[in-house]
Amino acid sequence: MAKTSKQPLSRSLRVYQKAAIFFVIASLLLLLAVLYLSVSQATIHITPTSGLVTTTVGVEVDKDPNALGQVSGYVRQADVSKSRIFNLPEEGAVPVEEKAGGVVTLINESSSSQSLVSTTRLLSEEGVLFRLDEAVEVPAGGQVEAIVHADVVGRDGESGPTQFTIPGLNTTRQTEVYAVSVDSMTGGVQYVRVLDQSDIDAAAEELKAELLEEAELLLSDGIDRDEYTGLSFDVEVIEQVSDTDPGSEAGQFSISLSLSVIATFFDEEAIANYAESELYSQLQAGFEVFEVNEDGLQITVQSANVDDETATLEVYLDGAAVISTSAEILDRSRFTGKSPEEVIALLESAESIQEVSVSFTPFWLKRMPTLEDHIKINVKKPKE
């Protein structure tokens, strides 16, 4: 049998073999480099410092708005009056039996006016007798408020809301002229002490609030309040009278209050949207509104013209602004190739940034990627 021998590779084949091995290794290294570059990523986590941004703008109310800064609305005026008896609280006072009292509305359904002298009797449905404090004139087809007090002292003179006849009138006239009370007649037992000016002021404010409720109901007639949700009052006190002076001993006192009320009804949503757009325009470059303080919207009537139903409003709105990713300081080219410590030190020097941290993918990376698009910036919610 013939013996075969292994022939050595020729010189040229050995060169080709080495070249192939080098190519494979180089390809693997290139593939690893590409994989490294494609998966390497850094994320900069930023907790910003929240800053206040505000705007104060003028808004015109008009029935037919046709320009920027105008909203639809109405301006109306009315005079309202009301009287009411107030009882002093028990604390620090001495109980004393007195005549209960309250306010009644005298109604005249006839075509002729009716004069009623002071002490005119009014009889409640429960049989409790009251008398007018002062003479009044009840207009034909109209009504008027008056203060009455019970004919007897103590709890027996108290009464709930009811209707009253006027026994001094003839039977036919009693059906045309009568009185009703919305509130109870109280004060059969009064808690007497020295009346202070603060008692009168507090009672006047309470009565004013009631009158404004009545004015709103009166002046909003024909207005869609679902659309015109905003309302502002300009109030002038025409007259305020108390039947008891400060420093006097009393268990109850009455206040009569007359107001001139100008009510401005407006589309509050439209105003809020306009103010918000103006708020955004106040931002510095590189910042964004993080939160609008909707509860902080303040609308003040600067002037109102009842004749042409126009008004000028001053509107204030504020919100919280934070740095945005478009800010120059967050330009990603500033971070390429840097260590995380360098990035943190660079960013925390800015007043608009509170905290900074850096995370890597894969986690063993020690420096920022050299490619900008492999750096992500995450602006988190500001800390309270």
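Before reading on, note that the structure itself is shown above.
Residues numbered from 1 in each chain as written. Predicted model: local features only at pLDDT ≥ 70, side-chain atom pairs only at ≥ 80, totals over all residues. Heavy atoms only, no water.

### What about the sheet that holds strand β7 (residues 121-124)?
In space, the six strands of this closed barrel follow the order β5-β10-β8-β7-β11-β12, with antiparallel pairing throughout. Within the sheet, the average angular offset between the axes of one strand and its neighbour, ignoring direction, is 40°. As judged from the four bridges shared by strand β5 (residues 99-108) and strand β12 (residues 177-180), these two strands associate in the antiparallel manner. The partner of T105 across the bridge, within β12, is V180. (Pairing = 2+ DSSP bridges. Helix = DSSP H or I, 4+ residues; strand = E, 2+ residues; numbered from the N terminus. Axes fitted to C-alpha atoms, helices over the stretch in contact; angles between N-to-C directions.)

### Observations regarding the environment of A100
With respect to the element layout, A100 can be found in strand β5. Owing to a relative accessible area of 0%, A100 belongs among the buried residues under this scheme. If we ignore the near neighbours within four places in the chain, the residues touching A100 are F130, V148, H149, A150, G157, E158, M185, T186, G187 and G188. (Buried < 20%, exposed > 50% of the residue type's maximum accessible area, 1.4 Å probe, protein only. Contact = heavy atoms within 4.5 Å.)

### Some details on helix α3 (residues 197-219)
Taking 1.5 Å per residue, 23 residues should reach 33 Å; α3 reaches 32 Å between its end C-alpha atoms and fits that length. Turning to α3, its buried residues are D199, I200, A203, A204, L207, E210, L211, L212, A215 and L219. Along its buried surface, α3 packs onto β3 (70-87), β13 (189-194), β14 (230-242) and β16 (252-266). (Expected span 1.5 Å × (residues − 1).)

### Regarding the sheet that holds strand β4 (residues 94-97)
Read from one edge of the open sheet, three strands run β4-β13-β15, paired in antiparallel fashion. Because the sheet does not close on itself, it has two edges, and the strands there are β4 and β15 (249-250). Bridge analysis of β13 against β15 gives two bridges, and the strand direction is antiparallel. Bridge assignment links V194 to a residue of β15, and that residue is E249.

### Examining the pairing of β7
Where burial is concerned, the two faces of β7 differ: the one with L122 and S124 is buried and the one with R121 and L123 is not. The antiparallel hairpin formed by β7 and strand β8 (residues 129-132) contains four residues in its connecting segment, where G127 sits at a positive phi of about 90°. Pairing analysis gives two bridges linking β7 to strand β11 (residues 163-165), with the strands arranged antiparallel. Paired with S124 across the two strands is F164, which belongs to β11.

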